[in-house]
Amino acid sequence: MSPVASPPRALEVRGLVKRYGSVTAVDGLDLEIFPGECFGLLGPNGAGKTTTIEICEGLTPPDAGEVTVLGRRWDREERALRERLGIALQETQLSDKLSVEETLELFRSFYSEPRSVDEVIDLVSLGEKRTARVVQLSGGQKQRLAVACALVGNPELLFLDEPTTGLDPQSRRQLWEMIEQFKATGRTVLLTTHYMDEAERLADRVAIVDHGKVIALGTPQQLIASLGAEHVVAFSLAHDASVSLETLRAVEGVRSARVDAGTYELAVTAVHHALPALLGTLERSGLALAALSTHSPTLEDVFVSLTGRALREG
Amino acid sequence: MTDVTHAPSRGMAASPPPAPRGWRDRSIVQLTLVRLREFFREPEAVFWTFGFPIVLAGGLAVAFRNKPAEAVPIGVVTGVAGSDRAVNSLKGTAGLVVDVLSLDSAERALRTGAIAVLVVPKGDGAVEYRFDKERAEARTARLIADQALQHGAGTVDAVKSTELTLTEPGSRYIDFFIPGLLGMNLMGSSVWSIAFGVVNARSKKLLKRLTATPMSRAEYLLSFVLARLMFLAFEMAAILGLGVFVLGVPIRGSFALVVGIALLASFAFSGIGLLVASRAKTVEAASGLANLVLFPMWIFSGVFFASTRFPDVIRPVIKALPLTATNDALRAVMLQGAGLGAVWSQLAILTVWLVVAFPLALRLFRWR
């Protein structure tokens, strides 16, 4: 088994289709995830991320397509596969009346070679809440416990569906650190998110998903580089004035231009040339700026340039 | 070869034998512990299972305590010929309390049930009895009053009779009620605890989360039944303890048989609970369904009054209900000292419910 000829895959998905009535949630989706990789499915709400990950988790049967997890199929080796996977669903409410420790003891009892409860509690920094009931935990602590339940079976492959949605910034960072620690042990993660910063920070590779299809695939750096822009310049004009996108695209160094709710966004190379040129163009047209900012391009900009919509718009 | 062999943890094919684990690490033990914890940490559930039947039995024991042969009120119309003689004959008759009333107020008293029988003297020593013949106590009072009036007018008994009266534990209302209460409680707690537990977990997506682990689904469902058996011990101790030691309800037959009936009933009702829980997505839907199943049995199965009061046409249906079978069997063993041979038909009915409900529930069961 030469890695060059046929690299092993932790997860392989071919031609996945799932319909709910007349709605096609997943529309011919392919994925390849390699061992030790953290792979992000990035897309707006309703893009089909959750359906895709739940099919991979063996919880939802696909209408068409093939899923191979750790070299095995769900229909034949479900029980053996479940031993090797850790899963955190998007919305599970663990039993309010159990303590953190009791919840983990329960999940631990399902696995043949689990980690110890102490170890997992340390891993998710819930030591102080060990004997607290689930009902007393904050949203972030509950989510850490959910991830702890996924880790207690000592999985090789971790599925996380929107692990930080709705959490405060500090809880998000704590969860990111936990996921990074898991990655550092060389194991595989598949996570879905609609936060570009989360995907950029955690994922080795990202698939951008929209309408049930992968519309872009690569490392975050590759995807951002595909914009061909070094910076994004965003501005708005005073007095609700407007300027044509044609004019903007003609400015030196501007690769593309779009406008959304009065905010213009230009993808530019060589911002030190493009910005003075832009200001000159606006001044010649007698237009005053209300706001101006520049930032390095992000996955958000990639999504916007691919779909014409912002991620959060869904 | 597509297996991921360089994953840092164990490979699946070559997994070493599981390390020895304590009994507490077994999933069936953990699942059952969770059931017990969830139950005992819900004070309301504890009250409705243990406190409520005791309060109910206590209340009914007070309401239906055996009073010294209760006297029945009867009325005699005053101010007509023969009134005084009738009153004199009836006064002091054991079992009657005599009210002397005007015709108006006497009729009102009869209508409202304040008196059971109204005696209207008709002159010439004749009397008319007015009463509702649907009321057993009214019929009795009429007989007693008639006999007193006949004796007062000089009738002599043709047959000499003497009386030996007795009060026997086992024939009181509370004796009838305690086995029914036990049956009702077994049914209610089995159906509710399983339906609520399962549907609550389903509505919170906890069932779905559990099926994403290697957990055995059979063990999950079995944990509810095992937890039921433990509650059963507590319930029986509470209800029978109160019945036997406080209220003096007899257990004339074998105690082991009482336990056996309760066990079998508990299993059968667990199957019904599982059936109720098999598809409902919300706790509200499950409670509606549970009420639909339980309510007819509260009425028909002879908890508060004997099911023989219902018309013969529907008696076979009533007899086939699991709660009727439970109550009839418990009463037969506790009150009449019946043995296994006398209650086999009830046990057979419960067994049929058990073997039909469980497989059907498992077939219908939705894990998410």
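Just so you know, these numbers come straight off a predicted model, no measurement behind them. (Residues numbered from 1 in each chain as written. Chains lettered and ligands numbered in written order. Predicted model: local features only at pLDDT ≥ 70, side-chain atom pairs only at ≥ 80, totals over all residues. Heavy atoms only, no water.)

**A look at the packing of aromatic side chains**
Residues and elements named next belong to chain B. Inspection of the entire model under this criterion finds 19 aromatic pairs over all chains. Site record: aromatic cluster; members linked through ring pairs are Phe39, Phe40, Phe50, Phe231 and Phe234. Sitting over the ring of phenylalanine 224, arginine 35 keeps its end group 4.1 Å from the ring centre. A cation over a ring is seen here: arginine 202 above phenylalanine 365, with NZ or CZ 5.0 Å from the ring centre. (Phe/Tyr/Trp six-rings, centres within 6.5 Å; stacked < 30°, edge-to-face > 60°. Lys NZ or Arg CZ within 6 Å of the ring centre and 35° of its normal.)

**Things to note about unusual backbone geometry**
Generally, phi is negative for residues other than glycine and the peptide bonds are trans, each holding for most cases. Of note in the backbone geometry, A:Ser125 takes a positive phi value of approximately 50° without being a glycine. At A:Asn154, a residue that is not glycine, the phi angle is positive and equals roughly 60°.

**A closer look at the pattern of salt bridges**
Using the criterion set out here, one finds 37 salt bridges over all chains in the structure. Measuring nitrogen to oxygen at the nearest pair gives 3.9 Å for the salt bridge that ties A:Asp75 to A:Arg76. Each of the two residues, A:Asp75 as well as A:Arg76, counts as exposed. Measuring nitrogen to oxygen at the nearest pair gives 2.7 Å for the salt bridge that ties B:Arg172 to B:Asp175. Judged by its relative accessible area of 22%, B:Arg172 is partly exposed. Given the relative accessible area of 0%, B:Asp175 is considered buried. (Salt bridge = Lys/Arg side-chain N within 4 Å of Asp/Glu carboxyl O. Buried < 20%, exposed > 50% of the residue type's maximum accessible area, 1.4 Å probe, protein only.)

**Quick word on helix H12 (residues 322-336) of chain B**
Residues and elements named next belong to chain B. Helix length check: H12 (15 residues) gives 20 Å between terminal C-alpha atoms against 21 Å at 1.5 Å per residue, within 8%. Within H12, 13 of the 15 residues are buried, leaving the element largely enclosed by the surrounding structure. Where H12 ends, the next residue or the one after it, glycine 337, has phi of about 70°, a positive value. (Helix = DSSP H or I, 4+ residues; strand = E, 2+ residues; numbered from the N terminus. Expected span 1.5 Å × (residues − 1).)

**Description of the domain arrangement of chain B**
One can read the domain layout of chain B as domain 1 (29-61 + 169-364) and domain 2 (72-152). The centre of domain 1 of chain B, based on its C-alpha atoms, is set 48 Å off from the matching centre of domain 2 of chain B. (Domains from an automatic or database assignment.)

**Things to note about the interface of chain A and chain B**
Interfaces are often sized by the accessible area lost when the parts come together. Contacts between the two partners involve 48 residues from chain A, matched on the other side by 40 residues from chain B. Carbon and sulfur atoms supply 54% of the area that chain A and chain B bury against each other, a total of about 4,100 Å² over both sides. It is A:Lys97, A:Phe110 and A:Glu113 in chain A that bury the most area against chain B; as a group they hold 15% of the surface buried on that side. The interface formed by chain A and chain B contains 8 salt bridges. The partner of A:Glu102 in a salt bridge is B:Arg37, with the nearest N and O atoms 3.3 Å apart. At the boundary of chain A and chain B, one finds 11 residue pairs in polar contact (both at pLDDT 80 or more). When residues of the side of chain A that touches chain B are traced back to their parent elements, those giving at least two are helix H2 (74-84), helix H3 (100-108) and helix H5 (139-151) of chain A. With 7 residues, the top contributor of residues to the side of chain A that touches chain B is H2(A). Taken together, the residues of the side of chain A that touches chain B break down into 19 nonpolar, 11 polar and 18 charged. (Contact = heavy atoms within 4.5 Å. Buried area = accessible area lost by both parts, 1.4 Å probe. Polar contact = N/O pair within 3.5 Å; in protein donor to acceptor, adjacent residues only side chain to side chain. Nonpolar A, V, L, I, M, F, W, Y, C, P; charged D, E, K, R; others polar.)

**What about the nonpolar core?**
Among the nonpolar cores identified, the biggest contains 105 residues, and A:Leu104, A:Leu145, B:Ile178 and B:Tyr220 are the most heavily contacted of them. By residue number, the principal contributor to this core is helix H6 (residues 173-203) of chain B, which donates 14 residues. Setting aside its immediate chain neighbours within four residues, B:Ile178 contacts B:Ala57, B:Ile239, B:Leu240, B:Gly243, B:Leu247, B:Val249 and B:Met334. A:Val26, A:Phe39, A:Ile55 and A:Val67 belong to the second largest nonpolar core, which has 30 residues in total. (Core = buried A, V, L, I, M, F, W, Y, C linked by side-chain atoms within 4.5 Å.)

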